Amino acid sequence: MSDVRAVKTKTITDAVAELCIKTNYELPRDVVSGIKEAKIREKSELGKYCLEQIMRNLRIAKLKKIPVCQDTGMAVVFVEIGQNVHIIGGRLIDAINKGVRLGYKRGYLRKSIVDDPIFTRKNTGDNTPAVIHTSIASGSKIKITVVPKGFGSENMSRLTVLKPTDGAEGVKKFVVDTVRQAGANPCPPIIVGVGVGGTIEKAAMLSKRALIRSLNKSNPNTKIAGLEKKILIEINKLDIGPQGFGGSITALSVNIETYPTHIAGLPVAVNIGCYVSRHASITL
Amino acid sequence: MKKEKGLDTPLTKEVRRDLKAGDKVLLSGTIYTARDMAHKRLVEVIKKKGKPFDLRDQIIYYTGPTPAKEGEIIGSCGPTTSSRMDKYTPALLDAGLGGVVGKGQRSAEVISALRKCKSVYFAAIGGAGALLSTKVKNAKVVAYEDLGCEAIYKLEVRDFPVVVAVDTKGRSIYGRDSKHR
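> Just give me the short version of the overall build of chain B, but keep the residues and values in it.
What chain B contains, in helices and strands, is five helices and seven strands. Listed by position from the N terminus, the elements making up chain B come as β-α-β-α-β-α-β-α-β-α-β-β. Expected size for 181 residues packed as a compact globule is a radius of gyration near 16 Å; at 15 Å, chain B falls within 12% of this value. Counting only C-alpha atoms and orienting by the principal axes, one finds that chain B spans roughly 45 × 45 × 30 Å. Within the span of chain B, comprising 181 residues, buried residues form 57% of the whole. Sequence separation of 24 or more characterises 63% of the internal contacts of chain B that already satisfy a separation of 6 or more.

Now the structure itself:
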């Protein structure tokens with residue numbers, strides 16, 4: 001046990017708080033360049049106008065240190081914990097939620113979480129609880145990724161289980177149909193996260209992971225990368241365009257992540273993200 | 001590209017009639033905010049023959065802003081998805097509302113109510129909350145304070161950028177692919 005490393009919960013809390021604020025004020029570089037490039041490529045005048053305003057908005061948010069979007073999201077937190085890490089000073093989950101509470105308060109972020117989803121729907125007042133996904137990795141570090149997820153786009157996401165023989169065509173059809181149905185609602189240009197395989201919850205998790213993959217990266221598997229490209233072309237033919245006003249850029253990227261699955265099924269989850277694609281990581 | 005047209009609120013029927021889907025407009029004057037819960041309550045008041053506030057020719061903006069920092073008027077305040085308000089909108093239009101501002105498609109019922117009442121649906125740019133906050137010159141809670149960010153705010157705006165999404169004739173900017181929009 002000599003190589004066990006201790007990490008204090010306070011360190012985790014502070015990191016989460018900072019990431020909540022940072023992600024809401026400033027978008028990742030790859031997303032900003034994606035939007036810039038879209039502005040050049042967009043053919044519709046109104047679409048270009050939207051993208052200009054969107055760029056102006058990003059500059060103002062960064063400069064004035066205010067949230068890019070008023071929906072500062074539900075905080076999704078991925079924590080990859082090295083198996084040689086010993087967390088001290090309390091429960092990990094409490095430390096993360098405390099970080100969310102602090103971040104949303106200090107950053108003047110909107111508190112959008114209700115306690116009981118069906119009946120009372122009372123606002124918890126501090127944007128907790130977060131949705132927390134922990135996993136065990138090798139080594140002695142902790143990697144924390146905070147993804148504040150807005151619900152304009154989350155509401156437009158879908159999940160299904162296709163037949164095994166539906167294959168790439170089936171996946172493509174489901175993804176494109178989902179984007180078509182979403183139309184203007186998820187604030188296009190969107191980023192499309194697709195999880196394929198596993199079980200239904202695995203597919204959903206993969207789709208969330210896919211959403212935060214860098215826009216500059218394709219799936220390393222060339223067949224899957226090809227499918228990403230094909231689906232993106234189909235989506236951009238829908239003429240939904242920026243903000244749904246019509247145009248050639250409906251999506252900035254289609255990111256697919258896969259996992260082995262059962263002989264009898266083909267789970268597909270589509271997680272739609274708006275262009276305000278907020279995520280940032282820190283390694284402790 | 002056609003320039004933006006500056007308009008002062010409240011928006012009279014005459015002014016509304018001149019607007020066409022796709023027009024870029026800069027709104028100045030008073031607008032009121034309301035989201036899901038505030039809509040529910042407003043419509044309940046109207047059903048009981050009450051008057052929440054004088055809606056005639058006024059504009060309702062679907063937003064739930066982030067908290068204002070010290071010394072600031074308002075936080076980030078972009079539009080939320082309009083379709084969640086669809087079931088309440090016709091009653092408000094019947095009560096004289098001149099227009100609404102949000103984002104995304106509306107139901108057939110809302111579009112026909114807009115046509116009937118000669119009202120307008122504007123789209124603001126979703127996600128542009130920081131930019132839009134700079135257009136707000138004053139903000140005051142006027143009803144349902146208990147709803148927090150979902151309370152009704154009376155906003156004074158200057159050159160607040162919107163696009164006519166559905167005009168008084170029912171023409172929609174989302175109409176190019178009518179099957180799906």
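Read on for the rest.
> Lay out the interface of chain A and chain B in plain terms, naming residues and giving numbers.
At the interface, 40 residues of chain A touch 45 residues of chain B. Counting the surface chain A buries against chain B, the share from its top three residues, A:Q70, A:Y108 and A:F245, is 22%. Taken together, the connections running from chain A to chain B amount to one salt bridge. Between B:E72 and A:K64 there is a salt bridge; the shortest N-O distance is 3.6 Å. Summed over the shared surface of chain A and chain B, the number is 16 residue pairs in polar contact (both at pLDDT 80 or more). Among the secondary structure elements, those contributing two or more residues to the side of chain A that touches chain B are helix 3 (45-64) and helix 6 (167-182) of chain A. Tallying contributions element by element places helix 3 of chain A first for the side of chain A that touches chain B, with 11 residues.

> Go over the sheet that holds strand 5 (residues 142-149) of chain A, please, and point to the residues and values.
Residue and element names in this part refer to chain A. The strand order across the open sheet formed by four strands is 4-2-5-10, and the pairing between neighbours is mixed. If you trace the sheet from one side to the other, it starts and ends with strand 4 (131-137) and strand 10 (280-283), each paired once. The mean inter-strand angle of the sheet, taken between neighbouring strand axes irrespective of direction, is 15°. Here eight bridges tie strand 2 (residues 74-82) to strand 5, and the two strands are oriented antiparallel to one another. Opposite M74, over in strand 5, you have K149 as the bridge partner. Packing against the sheet, helix 4 (residues 92-106) makes contact with strand 2, strand 4 and strand 5, and its axis sits at approximately 140° to strand 2.

> Give me the pattern of salt bridges: which residues, what numbers.
The final tally for this structure, using the stated rule, is 23 salt bridges over all chains. The residue A:K10 makes a salt bridge to A:D14 at a minimum N-O spacing of 2.8 Å. Here A:K10 and its partner A:D14 are both found in helix 1 (residues 9-25), four residues apart, which amounts to about one turn of the helix. Residue classification places A:K10 among the exposed positions, given a relative accessible area of 55%. Overall, the relative accessible area of 35% leaves A:D14 in the partly exposed class. A salt bridge links B:D167 to B:R171, with the nearest nitrogen and oxygen atoms 2.8 Å apart. Judged by relative accessible area, which is 37%, B:R171 ranks as partly exposed. By sharing partners, the salt bridges in this structure join A:K149, A:E154 and A:K208 into a single network.

> Tell me about the environment of A:D166, residues and numbers included.
With respect to the helices and strands, A:D166 occurs in the loop between strand 6 (158-162) and helix 6. Along the backbone, A:D166 and A:G265 are 99 residues apart, and their C-alpha atoms lie at a distance of 9.5 Å.

> For unusual backbone geometry, give the residues involved together with the corresponding values.
Between A:T128 and the following residue, A:P129, the backbone shows a cis peptide bond with an omega angle of 0°. Mapped onto the fold, A:P129 is located in the loop between helix 4 and strand 4. Here the bond from B:T9 into B:P10 is cis, since omega is -10°, no more than 30 degrees from zero. With respect to the helices and strands, B:P10 occurs in the loop between strand 1 (5-8) and helix 1 (13-17). Positive phi outside glycine occurs at A:K65, with the angle close to 55°.

> Kindly report on the nonpolar core, identifying the contributing residues and their values.
Of all hydrophobic cores here, the largest spans 62 residues; its most connected members are A:I35 and B:I60. The set of elements that each furnish at least two residues to this core consists of helix 2 (29-41) and helix 3 of chain A together with helix 2 (36-47), helix 3 (89-94), helix 4 (108-117), strand 5 (120-123), helix 5 (129-133) and strand 7 (152-166) of chain B. Top element by residues in this core is helix 3 of chain A. It accounts for nine residues. In this structure B:I60 touches B:Y32, B:A34, B:H39, B:L42, B:L55, B:L92, B:L97, B:G99, B:V100 and B:V101, once residues within four positions along its chain are discounted.

> Tell me about helix 4 of chain A, residues and numbers included.
All names here are of chain A. Helix length check: helix 4, at 15 residues, gives a terminal C-alpha distance of 21 Å against a target of 21 Å (1.5 Å per residue), a fit within 8%. Three or more residues of helix 4 are buried, namely L92, A95, I96, N97, G99, V100, G103 and Y104. Contacts made by the buried residues of helix 4 are with helix 1, strand 2, strand 3 (85-88), strand 4 and strand 5. Where helix 4 ends, the next residue or the one after it, Y108, has phi of about 55°, a positive value.

> Which residues make up the environment of A:V270, and what are the values?
With respect to the helices and strands, A:V270 occurs in strand 9 (residues 266-273). For A:V270, the contacting residues outside a window of four places in its chain are A:S157, A:R158, A:F174, A:V175, A:T178, A:V192 and A:G193.

> Which residues make up the pairing of strand 9 of chain A, and what values do they have?
Residues and elements named next belong to chain A. The element strand 9 is extensively covered by neighbouring structure, given that eight of its eight residues are classed as buried. As judged from the six bridges shared by strand 7 (residues 190-198) and strand 9, these two strands associate in the antiparallel manner. When the sheet's bridge partners are listed, V196 is paired in strand 9 with V268.

> Mind laying out the side chain of B:T30, listing which residues take part and the relevant values?
All names here are of chain B. Looking at the secondary structure, you find T30 in strand 2 (residues 24-33). For T30, a relative accessible area of 17% corresponds to the buried category. Among the polar contacts made by the side chain of T30, one reaches the side chain of E156 at a distance of 2.9 Å. Filtering out sequence-adjacent residues up to four positions away, T30 remains in contact with T9, Q58, K154, L155 and E156.

> Describe the packing of helix 1 of chain A against helix 4 of chain A, with residues and values.
Residues and elements named next belong to chain A. Closest axis-to-axis distance for the helix 1/helix 4 pair is 7 Å, and the angle between their directions is 40°. Considered as vectors, helix 1 and helix 4 are oriented oblique to each other. The crossing of helix 1 and helix 4 is right-handed. Residues T9, I12, T13, V16, A17, C20, I21 and N24 of helix 1 form the contact with helix 4, whose own contacting residues are L92, A95, I96, K98, G99, V100, L102, G103, Y104 and R106.

What counts and what doesn't
Residues numbered from 1 in each chain as written. Chains lettered and ligands numbered in written order. Predicted model: local features only at pLDDT ≥ 70, side-chain atom pairs only at ≥ 80, totals over all residues. Heavy atoms only, no water. Helix = DSSP H or I, 4+ residues; strand = E, 2+ residues; numbered from the N terminus. Rg over C-alpha atoms; globule rule 2.2 N^0.38 Å. Buried < 20%, exposed > 50% of the residue type's maximum accessible area, 1.4 Å probe, protein only. Contact = heavy atoms within 4.5 Å. Buried area = accessible area lost by both parts, 1.4 Å probe. Salt bridge = Lys/Arg side-chain N within 4 Å of Asp/Glu carboxyl O. Polar contact = N/O pair within 3.5 Å; in protein donor to acceptor, adjacent residues only side chain to side chain. Pairing = 2+ DSSP bridges. Axes fitted to C-alpha atoms, helices over the stretch in contact; angles between N-to-C directions. Core = buried A, V, L, I, M, F, W, Y, C linked by side-chain atoms within 4.5 Å. Expected span 1.5 Å × (residues − 1). Parallel < 35°, antiparallel > 145°, perpendicular 65-115°, else oblique. Left-handed = near helix turned anticlockwise from the far one by under 90°.

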